Amino acid sequence: MRLNKLTIKELRRLLDKREITPTEILNDIYSQIDRYEDKIKSYITITKDFSYKMAEDAEDHIKNGLMSPLTGIPLAIKDNICTKGILTTCASRILYNFLPPYESTVTEKLLRQKYILVGKTNLDEFAMGSSTENSFFHTTKNPWNMQRVPGGSSGGSAAAVAADECIAALGSDTGGSIRQPASFCGVVGLKPTYGLVSRFGLIAFASSLDQIGPITKDVTDSAMMLNVIAGYDPLDSTSVPIDVPDYVSAIGRDIKGLKIGIPQEFFIEGLDIEVSNTVKEAINKLESIGAIPVDISLPHTAYAVATYYIVATSEASSNLSRYDGVKYGFRASGKDLLEMYMNSRAQGFGDEVKRRIMLGTYALSSGYYDAYYKKAQQIRTLIMQDFKMAFEKVDAIITPTSPTPAFEIGEKTTDPLQMYLSDIFTISVNLAGVPAISIPCGFTQDNLPIGLQIIGRNFDEETIFRVAYAYEQSMDFYKRRAI
Amino acid sequence: MKYEAVIGLEIHAQMLTDTKIFCGCPTTFGSEPNTQTCPICAGMPGVLPVLNKKAVEFAIKTGIALNCKISDYSRFARKNYFYPDLPKNYQISQYELPICERGHIDIFIDKLPKRIGITRIHIEEDAGKNIHSIGNYSLVDLNRAGMPLMEIVTEPDISSPKEASEFMKKLRTILRYLGVCDGNMEQGSLRCDANVSIRPIGQTYFGTRTEIKNINSFRFVEKALEYEIGRQTILLEEGGSVVQETRLWDSSTGITLSMRSKEEAHDYRYFPEPDLVPLVGLSAKAEEIKKSLSELPDSKRNRFITQYNLPDNDAESLVAEKALAEWFEDAVRAGGQPKILSNWILSELLKLLNEENKSITECPIKPSQLVDMLKLIENETISGKIAKAVFEDMYRTGKNADVLVEEKGLIQIKDEGALEKIIEDILSNNPKELERLKAGEEKLIGFFVGQIMKATKGKANPQLANELLKKKL
Ligand SMILES: [Zn+2]
């Protein structure tokens with residue numbers, strides 16, 4: 001039995017029965033990494049020595065009967081989440097040497113559980129992209145097909161989970177950055193409700209949209225991870241003080257009579273025919289196990305991409321101002337302050353990041369603010385209302401996660417607009433703040449995974465898990481492994 | 001042509017909170033560079049601001065005291081510009097929805113009241129400090145980065161440097177009363193920028209304005225504005241025109257210098273701060289704070305006038321410092337007569353304190369000690385003139401007046417016999433002056449009284465000396 005192929009839940013049982021040790025899991029993880037990482041390149045930093053130390057620590061805890069759900073579980077962390085004293089680069093040259101002097105709230109919570117850090121995973125620079133091709137370091141490959149992208153921006157985390165190079169991972173989702181790569185890599189990715197998980201220590205791309213979430217092999221693991229990372233954090237003013245339920249206990253309840261909304265705006269031209277058919281089959285399956293499909297409309301969906309690229313780039317242009325060569329990270333020389341600023345940023349940032357900084361700077365400029373930023377905020381409000389009204393009629397909304405399966409490496413790099421459209425189904429969820437999950441719902445003829453997106457009400461991750469689990473257990477896609 | 005000035009002020013007041021506005025760093029002044037910083041105020045990647053609630057409370061307090069409307073809903077905004085002392089390269093400030101709006105302060109110019117409108121008060125974080133001219137590089141000290149500031153903006157209602165200076169003094173008094181700012185311009189905890197323009201008297205629209213920065217002392221408020229108004233007047237009189245620009249006050253030369261033109265002005269690209277949630281329910285908070293607010297300078301002043309029968313000027317001066325007003329009232333409670341106390345405090349006591357640059361809180365004399373000394377004048381143990389010397393001794397030594405009077409033998413000579421003897425001696429020693437006095441040169445009375453005082457080292461009771469002198473003539 002290869003332990004790296006198991007889920008958190010399965011490993012938990014074996015660990016608690018003392019049939020295996022955390023070090024044994026880690027041995028299997030690292031032998032997998034030794035075999036495949038050269039090809040897949042999920043990680044930017046692998047913390048092997050530290051991992052084994054953590055494994056020993058976890059083992060002690062288990063011996064003393066002090067185990068928590070994630071004690072001794074090897075996890076991968078997206079490299080835009082700060083880990084104290086461990087290189088955190090955001091896949092950018094400008095932070096190529098950045099060692100955070102503090103721990104993010106989410107990894108602090110994992111540390112308290114005595115998890116094992118395997119390494120920091122690759123992403124599109126500053127989480128800007130849908131393929132991990134925008135990483136300063138390297139492009140991650142899709143474990144199902146090495147010519148294809150793993151999706152992005154959390155492509156490293158999704159690929160690492162799909163390739164069994166870790167048991168589960170954390171990603172971040174600003175416009176689909178967890179769900180789209182989860183869909184491309186045939187794993188489960190959850191974007192929690194905005195405000196459910198602390199952003200403290202997450203290097204900001206777009207503050208009003210960013211949310212950290214788990215990427216896992218199945219729905220149960222997703223709920224187990226969310227149980228640990230969710231909850232109010234006094235260090236994050238936008239985190240919401242609510243009582244966090246036990247998400248695992250939501251799992252297993254049937255979905256009889258649950259109304260699932262099918263938004264007409266998501267089944268459109270440009271949607272890959274295989275994806276469309278597979279998602280429709282999934283909806284039929286859900287109906288067969290008791291859900292009631294309801295046709296709904298989210299009328300402002302067409303404006304979501306445009307709105308997103310104004311809101312997200314505006315915030316990003318400001319969030320990324322701090323990388324100036326003065327305090328930390330990459331510094332280029334220059335004859336004076338201005339030249340040092342300009343050289344550092346010109347050489348420190350990649351093309352996509354520069355493109356978005358320019359877009360955002362433009363949208364916020366005096367004279368353009370009302371036409372762009374302000375209007376985008378107004379449309380954002382309308383998109384929120386769309387969801388609010390839809391959720392008066394239904395309990396969850398079902399859509400494809402991405403209009404296509406994983407595309408080829410290099411296929412969209414020359415056409416930013418095409419790349420932006422790959423997030424067309426995930427973006428409105430971030431604008432509305434609502435939670436959504438992507439779960440595998442089938443494969444193309446070329447054996448590429450297809451993802452199903454389940455969207456829920458604000459802070460109703462329980463219903464999402466309930467639907468996702470019911471579907472997952474009715475099929476066996478989750479059992480198929482990439483490698 | 002006669003011109004009039006139009007002045008609006010933008011004041012930055014550092015709030016007296018224990019910690020910075022968005023992190024837990026202490027706000028103590030004058031620490032070693034970069035010892036009061038943390039990842040948050042140093043603008044590290046991934047950190048988030050958490051608002052210090054005290055700063056909101058202080059701003060609301062100030063808003064109430066400046067007769068503002070307190071916004072029920074207020075929001076933070078980012079002001080974007082690149083500078084090494086601004087670690088995030090944006091400042092968290094407020095833009096569209098400030099915490100307070102539309103207030104006023106009343107000042108007195110030649111005893112006439114003048115109302116200066118307050119446009120808005122908002123809260124924001126301070127930047128750090130760049131330290132230049134150390135070799136061919138600069139250093140950055142972030143101790144000040146993230147210090148809590150209030151920006152108070154006035155309407156262009158100020159029409160003279162004197163008014164601006166009076167306004168600043170009054171504002172300082174109010175801020176110190178509230179305990180929200182120590183009002184120290186030299187240390188930079190109260191900073192004042194001025195928008196200045198001039199226009200021919202009678203013209204209704206504004207002239208082109210300049211913004212004067214770096215007015216870093218109360219002394220310079222008037223000086224800088226006078227200089228700038230003069231500069232603009234000469235420009236216009238010579239047929240030139242004022243350029244809209246930012247100018248820096250240079251206190252060493254006493255002039256303002258061009259810093260940047262309008263064309264070089266920043267586009268700050270303000271937008272709502274997404275890392276902080278909007279402030280809501282501030283009206284209710286304001287109502288609560290209002291209840292706990294102690295007496296403000298204006299009402300204290302009015303009370304002093306009615307309750308103690310003090311002249312306007314006395315009352316105004318006494319309430320300028322809360323501690324001074326308290327000192328005065330303590331003395332009244334100790335049995336002093338208000339107007340006499342006011343005279344002594346405002347002339348003798350303040351003179352001594354000012355000589356040593358001390359504040360009333362550092363005063364070595366207790367209010368009851370002054371009252372006891374005044375009783376010695378009242379019961380004619382000492383004269384008013386001697387009392388001034390006694391008071392100074394009290395200030396230097398901390399001793400009570402009666403002790404000093406005893407020690408130095410300053411008790412007035414009220415013994416008629418002894419005094420008569422002294423007067424007789426003086427008259428016989430000054431025969432010429434006596435002749436002239438008798439010939440009708442009345443002013444020589446003063447000469448003889450002076451001689452008596454001299455002979456008695458000031459201890460002669462003045463009325464008694466006068467009476468006896470006249471009797472002898
Ligand atoms: Zn700090």
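Scoring rules and cut-offs
Residues numbered from 1 in each chain as written. Chains lettered and ligands numbered in written order. Predicted model: local features only at pLDDT ≥ 70, side-chain atom pairs only at ≥ 80, totals over all residues. Heavy atoms only, no water. Helix = DSSP H or I, 4+ residues; strand = E, 2+ residues; numbered from the N terminus. Rg over C-alpha atoms; globule rule 2.2 N^0.38 Å. Contact = heavy atoms within 4.5 Å. Areas by Shrake-Rupley, 256 points an atom, 1.4 Å probe, with all protein chains shown as cover. Lys, Arg positive; Asp, Glu negative; His and termini not counted. Charge placed at Lys NZ, Arg CZ, Asp CG, Glu CD. Domains from an automatic or database assignment. Phe/Tyr/Trp six-rings, centres within 6.5 Å; stacked < 30°, edge-to-face > 60°. Buried < 20%, exposed > 50% of the residue type's maximum accessible area, 1.4 Å probe, protein only. Arc of directions from axis to C-beta. Buried area = accessible area lost by both parts, 1.4 Å probe. Salt bridge = Lys/Arg side-chain N within 4 Å of Asp/Glu carboxyl O. Polar contact = N/O pair within 3.5 Å; in protein donor to acceptor, adjacent residues only side chain to side chain. Axes fitted to C-alpha atoms, helices over the stretch in contact; angles between N-to-C directions. Parallel < 35°, antiparallel > 145°, perpendicular 65-115°, else oblique. Nonpolar A, V, L, I, M, F, W, Y, C, P; charged D, E, K, R; others polar. Expected span 1.5 Å × (residues − 1).

With respect to the overall build of chain A
- Broken down by element type, chain A carries 15 helices and 11 strands.
- Rg of the C-alpha trace for chain A: 21 Å, near the compact-globule value of 23 Å for 483 residues, within the 12% margin.
- Principal axes of the C-alpha set define a box for chain A whose edges measure 65 × 55 × 45 Å.
- When contacts within chain A are restricted to residue pairs at least 6 apart in sequence, those whose partners lie at least 24 apart make up 76%.
- Carbon together with sulfur atoms contributes 51% to the accessible area of chain A, which is approximately 16,500 Å² in total.
- If the 50 positive side-chain charges of chain A are averaged to one point and the 57 negative ones to another, these points end up 2 Å apart.

Topic: the domain arrangement of chain B
- Split by domain assignment, chain B resolves into domain 1 (3–289), domain 2 (295–408) and domain 3 (416–472).
- Each of domain 2 of chain B and domain 3 of chain B has a C-alpha centre, and the two are 33 Å apart.

Re the packing of aromatic side chains
All names here are of chain A.
- Scanning all chains against the criterion turns up 31 aromatic pairs over all chains.
- On the basis of an interplanar angle of 50° and a centroid distance of 5.5 Å, the ring pair of Phe-98 and Tyr-328 is categorised as tilted. Of this pair, Phe-98 sits in the loop between strand 2 (74–78) and helix 4 (105–112) while Tyr-328 is found in the loop between helix 9 (304–319) and helix 10 (337–348), placing the two residues 230 residues apart along the sequence. Across this residue pair, the class does not change: Phe-98 and Tyr-328 are buried.
- An aromatic cluster is defined as three or more aromatic residues linked by ring pairs; in this entry it consists of Phe-98, Phe-126, Tyr-323, Tyr-328 and Phe-349.

Overview of helix 15 (residues 462–472) of chain B
All names here are of chain B.
- Listed as buried for helix 15 are Leu-464, Ala-465, Leu-468 and Leu-469. In an axial view of helix 15, the angular spread of the buried residues amounts to 130°, which keeps them on one side of the axis. Opposite the packed face of helix 15, turned more than 90 degrees from it, sit the exposed residues Gln-463, Glu-467, Lys-470 and Lys-471.

A look at the interface of chain A and chain B
- Between chain A and chain B, the contact holds 40 residues from the first and 30 residues from the second.
- Across the chain A to chain B interface the summed buried area is about 2,700 Å²; carbon plus sulfur atoms make up 58%.
- Of all residues in chain A, Ser-237, Ser-318 and Arg-322 of chain A give up the largest surface area on contact with chain B, accounting jointly for 21% of the area buried on that side.
- Across the contact surface, chain A and chain B share 1 salt bridge.
- Between Arg-199 of chain A and Asp-275 of chain B there is a salt bridge; the shortest N-O distance is 3.0 Å.
- Applying the counting criterion to the chain A and chain B interface returns 17 residue pairs in polar contact (both at pLDDT 80 or more).

A closer look at the packing of helix 8 (residues 273–288) of chain A against helix 15 (residues 461–474) of chain A
All names here are of chain A.
- The contact between helix 8 and helix 15 brings their axes to 10 Å, and the two run at 100°. When the interaxial angle is binned, helix 8 and helix 15 end up roughly perpendicular. In this structure, helix 8 contributes Ala-282, Lys-285 and Leu-286 to the contact, and helix 15 contributes Val-467, Tyr-471 and Ser-474.
- For the contact of helix 8 with helix 15, the residue count by class is 4 nonpolar, 1 polar and 1 charged.

Focus on the environment of Glu-103 of chain A
Residue and element names in this part refer to chain A.
- By the element assignment, Glu-103 lies in the loop between strand 2 and helix 4.
- Here the side chain of Glu-103 touches Lys-84 through a polar contact of 2.9 Å, landing on its backbone nitrogen.
- Within polar-contact distance, the side chain of Glu-103 engages the side chain of Thr-107 at 2.6 Å.

Considering helix 8 of chain A
All names here are of chain A.
- In this model helix 8 runs 22 Å from its N-terminal to its C-terminal C-alpha over 16 residues, within 8% of the 22 Å that 1.5 Å per residue would give.
- All of the buried residues along helix 8 are Val-275, Ser-276, Thr-278, Val-279, Ala-282, Ile-283 and Leu-286.
- Tucked inside the fold, the buried residues of helix 8 contact strand 7 (259–263), strand 8 (292–296), strand 9 (396–400), strand 10 (436–443), strand 11 (449–455) and helix 15.
- Where helix 8 begins, the side chain of Asp-272 points an oxygen toward the backbone nitrogen of Glu-274, at a separation of 2.9 Å.

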